[in-house]
Amino acid sequence: MDKEAALREKTIVKTSIIGMIANVFLAGFKAVIGLMTNSIAIVLDAVNNISDAGSSLITIIGTKLAGREPDKKHPFGYGRIEYLSAMIISVIVLYAGVTSFAESVKQIINPETPDYNAVSLIIVAVAVVVKILLGRYVKGVGVKVNSDSLINSGEDAKLDSIISASTLVAAGVFLIFHVALEAWLGAIISVVIIKSGIEMLRETISKILGERNDQELAKAIHDTVLSFPEVQGAYDLVMNNYGPDKWNGSIHIEVPDTYSADRLDQLLREITMKVLGEHHVILTAIGVYSVNTKDEEVIRAKKQVEEIVFSHEHVRQMHGFYLLRDQKTMRFDIVISFDAKNRRDVCNEVVADVQKAFPDYELQVVMDTDFSEGEG
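The following paragraphs examine the structure supplied in this document. (Residues numbered from 1 in each chain as written. Predicted model: local features only at pLDDT ≥ 70, side-chain atom pairs only at ≥ 80, totals over all residues. Heavy atoms only, no water.)

**Quick notes on the sheet that holds strand 4 (residues 315-324)**
No. 1: One open sheet accounts for 3 strands, arranged 4-5-6; its pairing is mixed. Among the strands making up the open sheet, the edge pair consists of strand 4 and strand 6 (362-368). Here the strands of the sheet are splayed against their neighbours by 15 degrees on average, with no regard to which way each runs.
No. 2: Pairing of strand 4 with strand 5 (residues 329-336) involves 7 bridges; the strand directions are antiparallel. Residue pairing for strand 5: tyrosine 322 is matched across the bridge by arginine 331.
No. 3: Along the sheet, helix 10 (residues 343-357) makes contact with strand 4, strand 5 and strand 6, crossing strand 6 at roughly 155 degrees. (Pairing = 2+ DSSP bridges. Helix = DSSP H or I, 4+ residues; strand = E, 2+ residues; numbered from the N terminus. Axes fitted to C-alpha atoms, helices over the stretch in contact; angles between N-to-C directions. Contact = heavy atoms within 4.5 Å.)

**Some thoughts on the packing of helix 9 (residues 296-309) against helix 10**
No. 1: Where helix 9 meets helix 10, the closest approach of the two axes is 9 Å, and the angle between their N-to-C directions is 140 degrees. Crossing of helix 9 against helix 10: the hand is right-handed. Counting all contacts with helix 9, which are made through Gln304, Val305, Ile308 and Val309, the residues of helix 10 involved are Val350, Asp353, Val354 and Ala357.
No. 2: Across the contact of helix 9 with helix 10, the residue classes break down as 6 nonpolar, 1 polar and 1 charged. (Left-handed = near helix turned anticlockwise from the far one by under 90°. Nonpolar A, V, L, I, M, F, W, Y, C, P; charged D, E, K, R; others polar.)

**Looking at the pattern of salt bridges**
No. 1: On inspection of all chains with the given rule, the structure shows 9 salt bridges.
No. 2: Put simply, Asp295, Glu297 and Arg325 are held in one network by salt bridges that share partners. (Salt bridge = Lys/Arg side-chain N within 4 Å of Asp/Glu carboxyl O.)

**Some thoughts on the packing of helix 5 (residues 148-177) against helix 6 (residues 182-209)**
No. 1: Helix 6 packs onto helix 5 with a crossing angle of 170 degrees between their chain directions and a minimal axis gap of 10 Å. Here helix 5 is positioned roughly antiparallel relative to helix 6, judged by the angle of their axes. The segment helix 5 lies against helix 6, with Asp148, Asn152, Glu155, Asp156, Leu159, Ile163, Ser166, Thr167 and Ala170 engaging Glu182, Leu185, Ile189, Val192, Ile193, Ser196, Met200, Thr204 and Lys207.
No. 2: Classifying every residue of the contact of helix 5 with helix 6 by side-chain character gives 8 nonpolar, 5 polar and 5 charged. (Parallel < 35°, antiparallel > 145°, perpendicular 65-115°, else oblique.)

**Quick notes on helix 1 (residues 3-37)**
No. 1: Compared with the 51 Å implied by 1.5 Å per residue over 35 residues, the 51 Å span of helix 1 between its first and last C-alpha is a close match.
No. 2: Asparagine 38 lies just past helix 1 and shows a positive phi near 60 degrees. (Expected span 1.5 Å × (residues − 1).)

**Here's the deal with the sheet that holds strand 1 (residues 233-241)**
No. 1: One open sheet holds the 3 strands; their spatial order is 1-2-3, and the pairing between them is mixed. Of all the strands in the sheet, just strand 1 and strand 3 (281-291) have a single pairing partner and so form its edges. Across the sheet, the axes of successive neighbouring strands diverge by a mean angle of 15 degrees, strand direction being ignored.
No. 2: The pairing of strand 2 (residues 247-256) with strand 3 spans 10 bridges and is parallel. Looking at the pairing, isoleucine 253 lines up with valine 288 of strand 3.

**A few points about the side chain of glutamate 82**
No. 1: Topologically, glutamate 82 is positioned in helix 3 (residues 81-109).
No. 2: Judged by its relative accessible area of 6%, glutamate 82 is buried.
No. 3: For glutamate 82, the contacting residues outside a window of four places in its chain are Arg8, Ile12, Gly62, Thr63, Ala66, Ser147, Ser149 and Pro244. (Buried < 20%, exposed > 50% of the residue type's maximum accessible area, 1.4 Å probe, protein only.)

**Side note on the packing of aromatic side chains**
No. 1: Taken as a whole and judged by the stated rule, the model has 2 aromatic pairs.
No. 2: Relative to phenylalanine 332, the ring of phenylalanine 321 lies with its centre 6.3 Å away and its plane at 25 degrees, an arrangement referred to as stacked. Placement of the pair is phenylalanine 321 in strand 4 and phenylalanine 332 in strand 5, with a sequence separation of 11 residues. We note that phenylalanine 321, like phenylalanine 332, is buried.
No. 3: Ring centres of phenylalanine 358 and tyrosine 361 lie 6.1 Å apart, and the angle between their planes is 85 degrees; on these two criteria the pair is classed as edge-to-face.
No. 4: Tyrosine 361 sits in the buried class, given a relative accessible area of 12%.
No. 5: Directly above the ring of tyrosine 259 sits arginine 263, whose terminal nitrogen or CZ lies 3.9 Å from the centroid.
No. 6: Across from the ring centre of phenylalanine 228, 5.3 Å away, lies the NZ or CZ of lysine 274, which sits over that ring. (Phe/Tyr/Trp six-rings, centres within 6.5 Å; stacked < 30°, edge-to-face > 60°. Lys NZ or Arg CZ within 6 Å of the ring centre and 35° of its normal.)

**Re the nonpolar core**
No. 1: Membership of the largest hydrophobic core comes to 22 residues, with the highest contact counts inside it found for Ile221, Val225, Met239, Ile251, Ile253, Leu267 and Ile271.
No. 2: At the level of secondary structure, the elements contributing two or more residues to this core comprise helix 7 (215-226), strand 1, strand 2, helix 8 (261-279) and strand 3.
No. 3: For this core, the leading source of residues is helix 8, giving 5 residues.
No. 4: If you look at the next biggest cluster of nonpolar residues, it comprises 21 residues, including Ile308, Met318, Ile334 and Leu363. (Core = buried A, V, L, I, M, F, W, Y, C linked by side-chain atoms within 4.5 Å.)

**What to know about the pairing of strand 5**
No. 1: Within strand 5, 7 of the 8 residues are buried, which leaves the element mostly enclosed by the surrounding structure.
No. 2: Between the end of strand 4 and the start of strand 5, which pair antiparallel, lie 4 residues, with lysine 328 showing a positive phi angle near 55 degrees.
No. 3: Note: strand 5 against strand 6, 7 bridges, orientation parallel. Counted as the bridge partner of methionine 330 is leucine 363 from strand 6.
No. 4: Following the chain from strand 5 across helix 10 to the adjacent parallel strand 6, one finds a crossover that is right-handed. (Right-handed = clockwise from strand over helix to strand, strands pointing away.)

Shown next, in the form of structure tokens:
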């Protein structure tokens, strides 16, 4: 493990320990107050704090396991365990919401009168402030070190502060109007928790399934590759995520068809090292497209093909063009946007139009995917 990764792990563990200790103390205080005042909302709030402490423990364990060095069975490392720990935290939040809702419904059916006192309300008010500060701190650290587990824990702490503040509102309503809203408030709070748990779970599962390339990182890598004068184009960047800040990738580049193998080998090595040094992404493969530079007729044919290809809606790119006049073959790749109703139909239309313009040529057209294509 390098120094940067070790510092990240240390920061996550330290933050999680602080969160765990704070939640255990808050849970103890709230449990005593909730039982003394006969407040179901405060008791549920205490239970929620215990689940938060458990979430912090899971974050610690997940981070430690994710930091293990790659081995024969898992050559890409264990970084994705962090996503699994974040998913477990999401499930805990969801479970806490469901059980809280069930208890609130029971309390609505069989209501009990709360018994508040000044000391209990002051302690709950302090808990609100503590949770707000804790949530901001944990989420802030999570964003800084790119930890979904900490971000989820921070969001959960923010919800807890709202829950605690709501119990104060219910207490005020009861003391002033003598109307007990405890159970109804508990039900509303539970729905908010359930919604939050579902959103956290959806986001984490999306990352486990594999999302499109990070657009900013993809653009930065493209710019780095294109900074080499010999590279005339960079396409088909695919990045595989093996945990937070752990990326492997591959890319295709266009270079003149006059390059020798040894010159090309040196170029690929230089690109790989520069991308790793600047972006911490390991390019495990760099494919090569050769560009016609010697035949003016072929260059004119390429321009004609580009006009035909880009006359079709939803075509984002054309690259890898190469024409062999002796063999009567023409090859190129096209990228069609996900906005197209049927990407395969668009590809077939492009091929048909190019074939009309070059009836004597055998076409070898590949429909590529832009893995960094944005939404909308």
